[in-house]
Structure formats: structure tokens, C-alpha cells
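Tertiary structure, described
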Amino acid sequence: MDKVNRFLIFLLIVLSLGRAQQLVLAIPAEEGFLTPFTYVTGYPGYNLLSLVYDTLMIPDINGLPKPWLAEQVRVTNAGRDWTIRLKNAQWHDGKPLTSDDVKFTYEYYRRYPVVSRFTSAVRSISQIRTPDARTVQISLPRPEGNFELSTLADVPILPKHIWENITDPKAHRDSIGSGPFKLVEIRPGQSYRFEANPSYFGGTVAPKSLVVVIIREATATFQALRAGQIAASSRELLPELISQFDNDPSFRLLRGALFTSNLLQFNTTVAPFNQPAFRQIIAGLVDPKAVVDTVLLGQATVGSPGFLHPQSPLYSPEAGQYPRLSLPQAEQRLEQLGYRRGSDGVRVGKNGQRLEFELLAPANNPIRLRAAELIAQQVRPAGIVFQVRALEPNTLTDRVWPEFDVSKGRNYSLAMFGWSAPVINQANLRGMFHSKPALGNLNIGGYANATVDSLTERLNTTVDLAERKLLAARVQSLVARDLPFLTLWYPDATYAVRPSVYDGWKFQRGQGILNKFSFLP
């Protein structure tokens, strides 16, 4: 019996437990034990985490921050002082959520810098006061232009009474949160089961039971969806399947732009990718529009060389488009850099280095795999070989971003990689491009540019939107010139759901359908 059949039998058992009260959703990979210190991916891992934990604010359906655990957020002293009044919320075990929990949480992430995303978000806080049980006062040494989205709307609040004696947060296995769902069961490698929180401050939660099953292969996922064994998936539909599901009255399609980025990532610390001139040649040979048209059948937005999505408020059209090179032009530039063709047609540098590299791609993502193969075909005529190697997602991440900590280095030359929507929604350019690991905590390619460092630091402390746009535009122009990676595309996602099972889905701009709002009135 193969894995798919065993999985389908498991699904039938799950469904027999009470379909009317239960929604079954598929995700592509295991996401660890769902605490803020053990979840795995930005999407859908963080999205599942956010069903269990809450933040003080939340990006709304349009991606704009609004109070969530907070009843009111007031900022004074030119963006340095924040006063937050909490709603009357409680933890899953019935204890009240108070200002002490918020203070404890932010200090705990600083004390245990395990997840750089959260540690970076609270690092600059200079003081936290709790004048009463429902008021938090936060002081910053300088204004932070993105404090709402990157800190208040992103950092999960922990229950102090659970975590205050925990000294190894990665080993802790307790997921009591305040969110709309309680995590009640994990079957490693198979599924997660959640139950609705009947006391949720955000409203009545539906469905009563949510089962999240792991289906690693995209084809098996959509077979299960068509067969009625699952009601939805965190995966967007493969482009070639959209018309089939659209013509089936059993399904409703939800469409929208995702801020998920899909990159050809260079390790800029190793030759020849440490040369901007070489990276520019690769950019001239790779055609992202052909990738979008061929692999995604046009169901995506072509990437900007400056990284930000065209719908981002800080996007700059001055970043332009990737300059195309004809084959003779690319070959001339390679010759100028000292790369001559060898007897087998593969170019060789003066030091004997062959232009032959391993291109890592996630085995469970057929679109990125196909894109990698197409990119390899695009560069091959110039005498450059990309050997596509499919790896399990976690293995790939270990090579590219070991322990999710860029200070741990990297073990790759090229990789198909990407970031979840919050990176673009928050316009986290400092995280992406700053050369210091403590600040550039997403700079997995080791990119270094002193001017970009300075600009991104100024961007983070600038509140005025017009000035932020100017600073972000300069960063995008420099990134478009230096090309630490190629932004290939942002998906124009289409999800298929079975409305007869559950029809509360809401498409959150940039994020898709797996979000809190899909389970609330």
C-alpha cells in the first residue's frame, strides 16, 4: 500500500468522526509543534500558529494594521511612545490575558533569541510599563516606521503563567494561546486537530473542529480535494487545474494577489556569485516572464528587480525591469570576466572553476521545480550549467538558512527560495538586505552594501510615509543593480474550496485564505 492510499484511508477515518462539525484542510508539509518557537515555515506555518495565538494588532483583509488584542493603540512623542489598552480576553485555560503577559512576552523573546523574526521585532524596545492589568506602555529610543506591522501585528503574545519557568523554549510542548482555535492533537507527519475556542474575544468561531492534514504532493492534494476528502488546501491551484475546478459547480474559487515571493537566490559570498557583474549576466539570460507564461500559464505577476510587489505602498517603479541580454551579449560579458568555453561547451574561469552549479529546489513544489528546470535551460546556451536538485523542504532550508539564523552561514550556491507574505507586507527591506545578521535576519545570500545598510536603517526609523517611499525607492534601485537574487514572480493565487462543507473563507490581501478572518463572522 503506497503512502497516498494509506493517507486516504486515514482521511476517511477522520471524516467519519463527524463531518458536519468538521472542516478538513490540507497543507504540504509538517509544521512542527505549533508554538512561536517551533513552527517551521512562514506560510502556512505562521498562519496555523496565528489560529492558536494572537497579536496586539493584526493586518486586516487589506493588509493594513488594526487593533486586535488591543482595544485601542495610541502613539505619542513622534512615534516613540505607544500606549495600548487591552480587550477583555482570556487564555485557553480560562485565565485572563493581562498587560503582564504582554510585558513578559516581549522580554522573553529578547531573553531567548531563538526566532529571529520575533527577537528582531522587540529588540529596540527600551522600556515596557504596565500601570494596570489592561494597559501597556512601550517606549522606543527612536521612532520606528514599521512598528505596528512588524511588532504589534506580528509577535504572538505568550501566557506568562505557562512560559515564565521555561528555559528551553524550543523543547517546550504546550500550545495554550488565546486564539480562535485550541490545538488538541498532533499526529506527527499526518495531521493537526484544532477545536474552536468558545470564549474567543473576536467572535463566534466556525467550524467547531478543524483538521489539518499533511499531503506532501500537489497532485495528491488536488485529487483529495476533487474526491471530497478535503474541503480546501493551503496550496493555490496549479495553473493547469484552474479551469477544471472553475467548471465544477461543487467548488467556489477565490482569487487574489499574493505577496509571497519566489526567488532565484544567489549565495553572494562565494565565487562567481560574489561578483555583481556575473549576477547581472545571469539576470540577463533568465526570463521571468517566460517562466510565468510557461510554468504558471500567466497566473502570476512578474517579479520586480527591487523585490517589492507592485501593490506594496513602498514599491518603486524606478527599479525597472530585468535587463535582457542576447546570447552574443552574454557571451561577450562572460569572456570579459575571463570565462572561456571548455571542450564540452561549459565555460571555465581563469582559476579553473567550471560554471557548473547545483540549483536547489523544493521537492514538494512542482512549480518551483519546473521553474528551476526552465531557468537551467535558459542559461545553458551561454555555457553555464545549473544542475537542478530536488530536496525535501526542510533539508533545503537547512542548507540555505540553517537554524533560521543567517549568522550560521549557508551551504549552497543557488536555490529556489521564497518568503511568506509578511516580508513584503511589512516592506522588511532591512531584514532582507542589511549585512549585519542581527539586522539583516533574512539576508540568506550574505549580500553586503554599506549604502543599503544605511538606507534601510533610516527607513526603519522614519515615520513620514513620503520620506519612507523615497528611502525605499533608493534601496530598490540599488538592489535592482546589485541583484543579490532574482525576484521571479509573485503568485496570482486561485484557491478552490467546497462551499457545501464550509463557505466562510476570506481572501486576505497578500496572504490568501488561511487566516483568522476565514473562521470568524
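Everything here concerns the structure above.
Quick look at the structure, then.

1. A closer look at the sheet that holds strand β11 (residues 232-233)
Pairing between the strands of a sheet comes from backbone hydrogen bonds, and it takes one of two forms, parallel or antiparallel. On the basis of which strands lie adjacent, the open sheet formed by five strands has the order β8-β9-β10-β1-β11 and mixed pairing. Of all the strands in the sheet, the pair left with one neighbour each is β8 (181-187) and β11. Where strand β9 (residues 191-196) and strand β10 (residues 209-214) come together, five bridges link them in antiparallel fashion. Bridge pairing in β10 places F194 opposite L210. Set on the sheet, helix α2 (residues 45-52) makes contact with β1 (22-27), β8, β9 and β10; between it and β8 the angle comes to about 125 degrees.

2. Concerning the sheet that holds strand β5 (residues 81-86)
Overall, antiparallel pairing links the four strands, which are arranged β4-β5-β7-β6 in an open sheet. The open sheet has two edge strands with one neighbour each: β4 (70-76) and β6 (127-132). Along the sheet, successive strands turn relative to each other by an average axial angle of 20 degrees, direction set aside. In the packing of helix α3 (residues 99-111) onto the sheet, the strands contacted are β5, β6 and β7 (135-139), and the crossing angle to β6 comes to about 170 degrees.

3. Considerations on the nonpolar core
One finds Y106, I138, F194, W505 and F519 to be the most contacted residues of the largest nonpolar core, which totals 73 residues. For F194, the residues in contact, after removing those within four places along its chain, are L34, L48, V52, F181, K182, L183, V184, K208, S209, L210 and V212. Counting residues in each nonpolar core, the second largest holds 59 residues, with A220, L296, I375 and F386 among its members.

4. Brief notes about the pattern of salt bridges
Side-chain pairing between opposite charges can occur once the charged atoms of the two side chains come close. Applying the stated criterion to the full structure yields 23 salt bridges. Among the salt bridges present, the one from D248 reaches R226, with a minimum N-O distance of 3.5 Å. Placement of D248 in the loop between α8 (242-246) and β12 (252-257) and of R226 in helix α7 (residues 218-226) is noted, with a sequence separation of 22 residues between them. Note on D248: relative accessible area 18%, which makes it buried. As a salt-bridge pair, R399 and E358 come within 3.2 Å of each other at their nearest N and O atoms. Of this pair, R399 sits in helix α13 (residues 393-400) while E358 sits in strand β17 (residues 356-362); the two residues are 41 residues apart in sequence, bridging distant segments of the chain. One salt-bridge network, in which partners are shared between bridges, spans E331, E335, R340, R341 and R347.

Basis of the calculations
- Residues numbered from 1 in each chain as written.
- Predicted model: local features only at pLDDT ≥ 70, side-chain atom pairs only at ≥ 80, totals over all residues.
- Heavy atoms only, no water.
- Pairing = 2+ DSSP bridges.
- Helix = DSSP H or I, 4+ residues; strand = E, 2+ residues; numbered from the N terminus.
- Contact = heavy atoms within 4.5 Å.
- Axes fitted to C-alpha atoms, helices over the stretch in contact; angles between N-to-C directions.
- Core = buried A, V, L, I, M, F, W, Y, C linked by side-chain atoms within 4.5 Å.
- Buried < 20%, exposed > 50% of the residue type's maximum accessible area, 1.4 Å probe, protein only.
- Salt bridge = Lys/Arg side-chain N within 4 Å of Asp/Glu carboxyl O.

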